[in-house]
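# Close look at the chain arrangement
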Amino acid sequence: MSLKPADKNPQHLHQSNGIVLDSAYQGIDEAGWLSLFQQAKNAHLKQFIADLFGGKHINNSENRPALHSALRNLDKSPVIVDGKDVMPDVAEVWHRIEALCNKWVGVTDVIHIGIGGSDFGPRLAIEALAHIPDIESRGMRMHFLANIDTAELARIQQRALPHSTRVIIVSKSFTTLETTKNAKAIVRWLKDSGRTESQINNTLFAVTANVPAAKEFGVKEENIFPFWDWVGGRYSVWSAVGLPIALQYGFDTFKEFLSGAQAIDQHYQSAPLEENLPVIMALTLLYQQQKHHIKSFAVIPYADALDWFPKWLQQLDMESNGKSVDRDGKPVKYSCPVVFGSSGSNAQHSYFQLLHQGTEVIPIDFIAIREPMSHLPEAKEHHRILLSNCLAQAQALANGKKTDNPNNTYPGKRPSNLLILPKLNAFYLGALLALYESRTTTLGALWNINSFDQPGVELGKVLAKPIEAALKEGNPVQANGNIDAITAARINLFNH
Ligand code: F6P
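Residues numbered from 1 in each chain as written. Predicted model: local features only at pLDDT ≥ 70, side-chain atom pairs only at ≥ 80, totals over all residues. Heavy atoms only, no water.

### Looking at the overall build of the protein chain
Secondary structure summary: the protein chain contains 17 helices and 13 strands in total. For 496 residues, the compact-globule estimate of 2.2 N^0.38 gives 23 Å, and the C-alpha radius of gyration of the protein chain, at 24 Å, lies within 12% of that figure. Projected onto its principal axes, the C-alpha positions of the protein chain cover 70 × 60 × 55 Å. A total of 496 residues make up the protein chain; the buried ones form 54% of that total. (Helix = DSSP H or I, 4+ residues; strand = E, 2+ residues; numbered from the N terminus. Rg over C-alpha atoms; globule rule 2.2 N^0.38 Å. Buried < 20%, exposed > 50% of the residue type's maximum accessible area, 1.4 Å probe, protein only.)

This is the structure in structure tokens:
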């Protein structure tokens, strides 16, 4: 494989909405691209994209559509789910979010309780848009409470002012144990802080697809923001799950975020496969799987503000496509590699040794932002250094370096993409997330995997229940139908 920029290959540079994708260091020649696009055609990718946006029951195991795109369909053109246009309901939620933004005055702290897809997206967006020039923040302290570990709970209770706190409980199912337990603990804390029942009722908000359960919990109906079972949890930041973005940075910023995603949706639907950014990004990964049997994939944003992006992508990719069987229950040859990453240049001082000289080839997506992320006097120089590091790493990985000393030899031939965003703002953050969502769904289509269910997360949850009961009892246990001998012995290490 040659990883030199392929001058004769016009297919390595693509752009959409000012975002540039450079796949020159993937080492894919013209014949390689032809074969990849043929595979995309064989997988009926265009039809898949049409079915996805058209509301077909593409989530076949759960027999429902996957219509996160409707949540950023700002034109409100009809989106039909089972014979009904869902856009009036979506637009109604937008109005309610906007109204809430205008209503929240004097709020010092917001506690957003949710986990997985009900946590990563808003947490990433709140972090990513903080301190960006031109984005005004209302300066509320945003606390994200996900883990059942009470360390997080204790930290938040120490920092938040209970009398000027609002609480948003975010759970698609409203049955997630971590979330309901944490919500109860926060209600207990509010009570202990002297807030009355009715004050607490006015403080609690919920975002959910299970409105009855939220009401049952004690959230007033007018404080519940619905979303729908046709939105996957990990694809849900565009719904009221993203409420913190609107509350902190304003409704217009939230709309900008949606509009960046919508721009990529339009590109994904209309661009030919050969010019389609998410498709090309997916195909580069497929290529490295087929040619080099890669098992891992790294994403390195050279932007500190995007440090949460790899974590968000881990759930998106691995929960969507980390599967061994295809849509028809047949074993797959390829599925999702392990996804990891963190922001550069910090990452260089951590695991880049392995990326350069480890035994495994790990393809990388480098993400760079054209404009500096601050107006500080040092911003231009620091940004230049950041970018030069990003470009240098890609070059070093691709070309390597031969020396007489094996210890100092870099094997090279380590592929990467470079994705360049014009700047980091709400529009391009939305575009970036939508780009990767569509890359994930494209990979699912290429592997014939249903990217919208997550049956693999259930077994552990079920097994935790009898174990918790045994830990609660505190007595020595024996192996039984629910607990095997090794786990029984482990429980006894805690119970003695
Ligand atoms: O257990 C995994 C999962 O179901 C994710 O798919 C989801 O994002 C997370 O839990 C939280 O689920 P919910 O929003 O229903 O609380």
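### Quick word on the side chain of Thr 442
As for its placement among the helices and strands, Thr 442 is situated in helix α15 (residues 426-447). Among the polar contacts made by the side chain of Thr 442, one reaches the side chain of Tyr 268 at a distance of 2.7 Å. Here Ser 438 takes part through its backbone oxygen, which lies 2.6 Å from a polar atom of the side chain of Thr 442. (Polar contact = N/O pair within 3.5 Å; in protein donor to acceptor, adjacent residues only side chain to side chain.)

### Structural notes on the sheet that holds strand β11 (residues 338-340)
Strand order in this open sheet of 6 strands is β1-β2-β13-β12-β10-β11, and the pairing throughout is mixed. One side of each edge strand has no neighbouring strand; the edge strands of this open sheet are β1 (13-16) and β11. When the angles between neighbouring strand axes are averaged without regard to direction, this sheet yields 15 degrees. When strand β10 (residues 296-301) meets strand β12 (residues 364-369), the two strands line up parallel, connected through 4 bridges. Across the sheet, the residue bridging to Ala 298 is Ile 364, located in β12. (Pairing = 2+ DSSP bridges. Axes fitted to C-alpha atoms, helices over the stretch in contact; angles between N-to-C directions.)

### Structural notes on a nonpolar patch on the surface
The grouping of Leu 471, Leu 493 and Phe 494 at the surface amounts to a nonpolar patch, some 360 Å² of accessible area in total. One can find Phe 494 in helix α17 (residues 485-495). (Patch = residues over 30% accessible without salt bridge, like charges linked within 9 Å, V, L, I, M, F, W, Y side chains within 5 Å. Areas by Shrake-Rupley, 256 points an atom, 1.4 Å probe, with all protein chains shown as cover. Salt bridge = Lys/Arg side-chain N within 4 Å of Asp/Glu carboxyl O.)

### Considering the confidence of the model for the protein chain
Confidence in the prediction of the protein chain, expressed as mean pLDDT, is 96, and 98% of residues score 70 or more. In the predicted structure, residues 1-9 sits below a pLDDT of 50 and forms 23 contacts with residues beyond four places in sequence or in another chain. (pLDDT = per-residue confidence, 0-100. Contact = heavy atoms within 4.5 Å.)

### A word on the environment of Lys 181
Position of Lys 181 relative to the elements: it lies in helix α6 (residues 177-192). Take Lys 181: its relative accessible area is 46%, and that puts it in the partly exposed class. C-alpha of Lys 181 to C-alpha of Ile 148: the two residues are 33 residues apart in sequence and 7.5 Å apart in space.

### As for the pairing of strand β7 (residues 165-170)
Along β7, 6 of the 6 residues are buried, which leaves the element largely enclosed by surrounding structure. Both strand β5 (residues 109-113) and β7 contribute to a ladder of 5 bridges, which runs parallel. Directly across from Ile 111, in β7, lies its bridge partner Val 167. Looking at chain direction, β7 and strand β8 (residues 204-208) are connected through 4 bridges and run parallel. Its bridge partner being in β8, Ile 168 is matched across the sheet by Phe 205.

### Overview of unusual backbone geometry
A cis amide bond links Gly 344 with the next residue in sequence, Ser 345, at an omega value of 10 degrees. The residue Ser 345 is located in the loop between β11 and α13 (352-357) in this model. Its identity is not glycine, yet Asn 17 carries a phi of approximately 50 degrees, on the positive side. Examined against the element boundaries, Asn 17 turns out to sit in the loop between β1 and β2 (19-22). One non-glycine residue, His 44, lies in the positive phi region at around 55 degrees.

### Looking at the site of the ligand
Near the ligand, the surroundings consist of 13 residues, among which Ser 118, Ser 171, Ser 173, Thr 176 and Glu 319 are the closest. Between an oxygen atom of the ligand and a side-chain N or O atom of Glu 319, the distance comes to 2.6 Å. Lys 461 is positioned with one of its side-chain polar atoms (N or O) 2.9 Å from an oxygen atom of the ligand. In isolation the ligand offers 390 Å² of accessible surface; the protein chains occlude 86% of this area. In terms of residue class, the shell around the ligand is built from 2 nonpolar, 8 polar and 3 charged. (Near = heavy atom within 4 Å. Nonpolar A, V, L, I, M, F, W, Y, C, P; charged D, E, K, R; others polar.)

### Focus on the nonpolar core
Counting 114 residues, the largest nonpolar core has Ile 97, Trp 230, Phe 257, Leu 306, Phe 309 and Tyr 436 as the members making the most contacts within it. Of the residues forming this core, the biggest block, 14 residues, is contributed by α15. The residues contacting Trp 230, other than those within four sequence positions of it, are Pro 65, Ala 66, Leu 67, His 68, Ala 70, Leu 71, Val 81, Val 86 and Val 90. Listed in part, the 22 residues of the second largest apolar core include Val 167, Phe 174, Ala 185 and Trp 189. (Core = buried A, V, L, I, M, F, W, Y, C linked by side-chain atoms within 4.5 Å.)

### Considering the sheet that holds strand β9 (residues 224-226)
If you walk across this open sheet you meet the 5 strands as β6-β5-β7-β8-β9, and the pairing is parallel. Of all strands in the sheet, those bounded by a partner on one side alone are β6 (141-145) and β9. Going across the sheet, the axis of each strand differs from the next one's by a mean of 15 degrees, ignoring polarity. Together, β5 and β6 form the strand contacts of helix α5 (residues 150-159), whose direction differs from that of β6 by roughly 160 degrees.

### A few points about the pattern of salt bridges
Under the criterion given, the structure shown has 17 salt bridges. Residues Arg 439 and Asp 317 are paired through a salt bridge, measuring 3.0 Å at the closest nitrogen-oxygen approach. Here the residue Arg 439 occupies a position in helix α15, and Asp 317 occupies one in helix α12 (residues 309-321), the gap between them amounting to 122 residues. Residues participating in the shared-partner salt-bridge network are Glu 62, Arg 64 and Asp 229.

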